[in-house]
Amino acid sequence: MTTNLAHLCQVYVSTSNCFILEENEQNGMIKTGDIILGGLFPIHFGIRKKEESFEATPELPGCTEGFRWAMGMVFAVNEINENSSLLPMITLGYNIHDTCFNMPKTVKHSLQYMEQDLEGNMTCVHHAVVGTYGSTLALMMARLFGLYFIPQVSYASSCKCLSDKLQFPSFLRTLASDQHQATALAHLVRHFSWLYVGTIAVNDDYGRPAVAQFVEEAEQNGVCIAFREILPQIKDAQAISLLVNKDVLPTLQISNAILEFKCRCEAREPCRPGTRKVARVGEPFCCFDCMPCNVGEYSNITDSQDCFRCKKYFGSSSQHVYCIPLPEELLAFSDPMTITLLAFALLGNAMTLQLDVCRKAIEDNMSNKKAIGFV
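Residues numbered from 1 in each chain as written. Predicted model: local features only at pLDDT ≥ 70, side-chain atom pairs only at ≥ 80, totals over all residues. Heavy atoms only, no water.

## Looking at the state of the cysteines
As enumerated under the stated definition, the model contains four disulfides in all. For C159, the disulfide goes to C161, at an S-S distance of 2.3 Å. Measuring handedness by torsion sign, the sulfur bridge of C159 and C161 sits at about 125 degrees and is right-handed. What makes C161 partly exposed here is its relative accessible area of 31%. Each sulfur in the disulfide pair C293 and C307 lies 2.0 Å from the other. Given an S-S torsion of about -80 degrees, the disulfide between C293 and C307 has left-handed geometry. Remark: C307 occurs in the loop between strand 11 (297-298) and strand 12 (308-309) and C293 occurs in the loop between strand 10 (288-292) and strand 11; sequence separation between them is 14 residues. The exposure class assigned to C293 is buried, which follows from its relative accessible area of 6%. (Disulfide = S-S within 2.5 Å. Buried < 20%, exposed > 50% of the residue type's maximum accessible area, 1.4 Å probe, protein only. Helix = DSSP H or I, 4+ residues; strand = E, 2+ residues; numbered from the N terminus.)

Here is the structure:
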């Protein structure tokens, strides 16, 4: 059986209420019916440039998993049509196209589902569209089909952003969003008590949000992220392997990097009471130092972020884990410090009395001058 999708099924539709343009007939699997379902699948994984020698028949890139997905839709439609108890007096049809996991091809076929004739009439009403593979392509389709409220059912688009019904009112999917996937991965890491993990994600609408949520939840569980790497979108398996071997591994040196990371940020006991946890600047959050509290401060919990000052007349214990009343110190009369303090106290009192006498004398003198002036 040839992998060319055009040779798989050529059933031409030409009815009074629905016909598919000739261009579509040569590029898709088509079946007539009362309800037409669109289908977008990556039969070929990307459009590969190839210089033809013109000495042999040109060949298309090999089929991927999308071929079986497309045939699964064909099988499901046929099963429903053959079961009279499911949709009595109604038959399903399909119009399936190959996206090649390519944005221009996906846009082209998406627009074909809404083609109009010269008089402005829809050439064929597609009641729903199944597809496509990948969150980035599905986002584009969801915005397009949402304008006309054409239901879109994706089988492999898990970006949690697609759950926003205000932006994508007609989008549905048959798998959970990345929100649950990232949470499950974070729980898995915690279950196995892994302390140091690295993340590698693809630079698209699937990889970026998913790894960001995973990192956030993993760090909340006390997991250290040893490294993070975002890879460009490459669809060729050989090119991906070359990229990992050429760029990622030498840069990260994964095995050595994790060992070095453990040495720099070795697993230590939590900061005990009497200390505070201070993160190391420029290093992952799990790299920290335990700094002892200052005199008059305390901390009474493990991994405390701060030390707290004792109340007035209280000081910290020797281990700085609680506050104790400050001791009262009594001085004897024979103590040199006592004699010195008493001397200063007596001197101060004498100077105060002398100032009072001088002030009173000045006031009396001023009163006598006023009395002489009146006489």
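## Overview of the pairing of strand 3 (residues 92-98)
Burial of strand 3 is extensive: seven of the seven residues sit out of reach of the surface. As paired strands, strand 1 (residues 28-31) and strand 3 are joined by four bridges and run antiparallel to one another. Within strand 3, the position partnered with G28 by the bridge is H97. Two elements, strand 2 (residues 35-41) and strand 3, share seven bridges in a ladder whose sense is parallel. (Pairing = 2+ DSSP bridges.)

## A closer look at a nonpolar patch on the surface
Taken together, L86, L87, M89 and I90 make up a surface patch of nonpolar side chains, about 410 Å² in accessible area. By the element assignment, L86 lies in the loop between helix 3 (65-82) and strand 3. Judged by its relative accessible area of 48%, L86 is partly exposed. (Patch = residues over 30% accessible without salt bridge, like charges linked within 9 Å, V, L, I, M, F, W, Y side chains within 5 Å. Areas by Shrake-Rupley, 256 points an atom, 1.4 Å probe, with all protein chains shown as cover. Salt bridge = Lys/Arg side-chain N within 4 Å of Asp/Glu carboxyl O.)

## Considerations on the sheet that holds strand 1
The six strands are arranged 1-3-2-4-5-6 in an open sheet whose pairing can be described as mixed. The strands lining the two open edges of the sheet, one partner per strand, are strand 1 and strand 6 (171-173). For this sheet, the mean inter-axis angle between neighbouring strands, taken without regard to orientation, is 20 degrees. Sheet topology note: the strand 4 (residues 126-130)/strand 5 (residues 152-154) ladder contains two bridges and is parallel. If you follow V130 over to strand 5, its bridge partner there is V153. (Axes fitted to C-alpha atoms, helices over the stretch in contact; angles between N-to-C directions.)

## Let's talk about the side chain of S316
Among the secondary structure elements, S316 is positioned in strand 13 (residues 314-316). Residue classification places S316 among the buried residues on the basis of a relative accessible area of 15%. Of note is the side chain of S316, whose polar atom sits 3.1 Å from the backbone nitrogen of G296. If we ignore the near neighbours within four places in the chain, the residues touching S316 are N294, V295, G296, E297, C310, Y322, C323 and I324. (Polar contact = N/O pair within 3.5 Å; in protein donor to acceptor, adjacent residues only side chain to side chain. Contact = heavy atoms within 4.5 Å.)

## Description of the packing of aromatic side chains
Under the criterion given, the structure shown has six aromatic pairs. Pairing F41 with Y155 gives two aromatic rings, centres 5.0 Å apart and planes at 15 degrees, and the pair type is stacked. Highlighted residues: F41 in strand 2 and Y155 in the loop between strand 5 and strand 6, separated in sequence by 114 residues. Overall, the relative accessible area of 2% leaves F41 in the buried class. Y155 gets classed as buried once you look at its relative accessible area, which sits at 19%. Ring geometry for Y298 versus F308: centroids 6.1 Å apart, planes at 50 degrees, classification tilted. Taken together, the residues Y298 in strand 11 and F308 in strand 12 connect sequence positions ten residues apart. One Lys or Arg, K277, reaches over the ring of F288 and ends 4.4 Å from the middle of that ring. (Phe/Tyr/Trp six-rings, centres within 6.5 Å; stacked < 30°, edge-to-face > 60°. Lys NZ or Arg CZ within 6 Å of the ring centre and 35° of its normal.)

## So, the packing of helix 4 (residues 103-112) against helix 5 (residues 135-148)
Interaxial distance between helix 4 and helix 5 falls to 10 Å at its minimum, and their mutual angle equals 25 degrees. The orientation of helix 4 relative to helix 5 falls into the category roughly parallel. In this structure, the crossing between helix 4 and helix 5 has a hand that is right-handed. On helix 5, the residues touching M103, T106, V107, S110 and L111 of helix 4 are T136, L137, M140, M141, L144 and F145. Partitioning the contact of helix 4 with helix 5 into residue classes produces eight nonpolar, three polar and no charged. (Parallel < 35°, antiparallel > 145°, perpendicular 65-115°, else oblique. Left-handed = near helix turned anticlockwise from the far one by under 90°. Nonpolar A, V, L, I, M, F, W, Y, C, P; charged D, E, K, R; others polar.)

## Some points on the environment of I35
Summarising the element assignment, I35 is placed in strand 2. On a C-alpha basis, the gap between I35 and A128 in space is 8.7 Å, while along the polypeptide they are 93 residues apart. Sequence-distant contacts of I35, that is, excluding residues within four places in its chain, are made with I90, T91, L92, G93 and H127.

## Quick look at helix 5
The terminal C-alpha atoms of helix 5 lie 20 Å apart, and with 14 residues this matches the ideal 20 Å at 1.5 Å per residue to within 8%. Listed as buried for helix 5 are S135, L137, A138, L139, M140, M141, A142, L144, F145 and G146. On the buried face of helix 5, the contacting elements are strand 2, helix 4, strand 4, strand 5 and strand 6. After helix 5 finishes, the residue F149 shows a positive phi value of roughly 55 degrees. (Expected span 1.5 Å × (residues − 1).)

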